Amino acid sequence: MIVLDWTLLVPGLLAGAAAAGLFLAGLAAGIRLALRRARPSPVLFLSAALRIAAVLGLGWWIAGLGAQALAGFALGFVLMRTLVLAVMRPAGARRAPSCN
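Per chain, residue numbering runs from 1 following the sequence as it is written. Predicted model: local features are reported for residues with pLDDT of at least 70 only, side-chain atom pairs are reported and counted for 80 or more only, and whole-chain, interface and lining totals are derived from all residues. The basis for every side-chain value is the complete set of heavy atoms in the structure, and neither hydrogens nor water enter the calculation.

The chain is annotated in an unreviewed UniProt entry as N-ATPase, AtpR subunit of Lutimaribacter pacificus.

Written as structure tokens, this is what we have:
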């Protein structure tokens, strides 16, 4: 029988949700800033590097708590990403596109 340690899963879930929120907020800020520049590539590269480093660093720290915490982190990240994308999607894009 698999024993689930909620004291590890819940903090991982919360950390994953927070990481996804910060990742997507950083993405939005980086895109807005890049659109105002004549050369957006350096801004986009720096934004991506900082966001990826932050998520990997937090994930590394959570992984140190245990496998269940890391699984919670991944689940929290995916759930928050899905929720944010569902809420932020324009109303016309919520319908499935027609094939023809």
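## A look at helix H1 (residues 6–35)
Helix length check: H1, at 30 residues, gives a terminal C-alpha distance of 43 Å against a target of 44 Å (1.5 Å per residue), a fit within 8%. For every residue, the accessible area (1.4 Å probe, protein chains only) is compared with the maximum for its type, and the residue is labelled buried under 20%, exposed over 50%, or partly exposed between those bounds. Under the DSSP-based scheme used, a helix requires at least four consecutive residues in state H or I and a strand at least two consecutive residues in state E, with every element numbered from the N terminus. Restricting attention to buried positions, one finds in H1 the residues Leu-9, Gly-12, Ala-15, Gly-16, Ala-17, Ala-19, Ala-20, Gly-30 and Ala-34. Any two residues having at least one pair of non-hydrogen atoms within 4.5 Å are treated as being in contact. In this structure, the buried side of H1 is in contact with helix H2 (41–63) and helix H3 (67–88). Here the expected length of a helix is defined as 1.5 Å per residue gap, with one fewer gap than residues.

## Comments concerning the nonpolar core
Take the buried residues of types Ala, Val, Leu, Ile, Met, Phe, Trp, Tyr and Cys, join any two whose side-chain atoms come within 4.5 Å, and each joined set is a nonpolar core. Counting residues in hydrophobic clusters, the biggest one holds 8 residues: Ala-15, Ala-19, Ala-20, Val-55, Ile-62, Ala-69, Phe-73 and Phe-77. At the level of secondary structure, the elements contributing two or more residues to this core comprise H1, H2 and H3. Residues within four places of Ala-19 in sequence aside, it is in contact with Val-55, Leu-58, Phe-73 and Phe-77.

## Quick notes on the layout of surface pockets
If you roll a probe as big as a water molecule over the atoms, it shows you where there is empty space left. Counted as a void, the largest pocket has a volume near 160 Å³. A 1.4 Å probe that fits into a set of points on a 1 Å grid over the protein atoms alone but cannot get out defines a cavity; an open set with protein on both sides within 12 Å along at least five of seven lines defines a pocket, and lining residues are those with an atom within 4 Å of a point. Lining the largest pocket are Leu-24, Ala-25, Leu-27, Ala-28, Val-84, Leu-85, Met-88 and Arg-89. Sorting the residues of the lining of the largest pocket by element identifies H1 and H3 as the ones contributing at least two each. With 4 residues, H1 is the single largest residue contributor to the lining of the largest pocket. Nonpolar residues are Ala, Val, Leu, Ile, Met, Phe, Trp, Tyr, Cys and Pro. Charged residues are Asp, Glu, Lys and Arg, and all others, Gly as well, are polar. Along the lines of polarity and charge, the residues of the lining of the largest pocket split into 7 nonpolar, no polar and 1 charged. Grid points are joined across faces, edges and corners, and a volume is the space filled by probe spheres set on the points.

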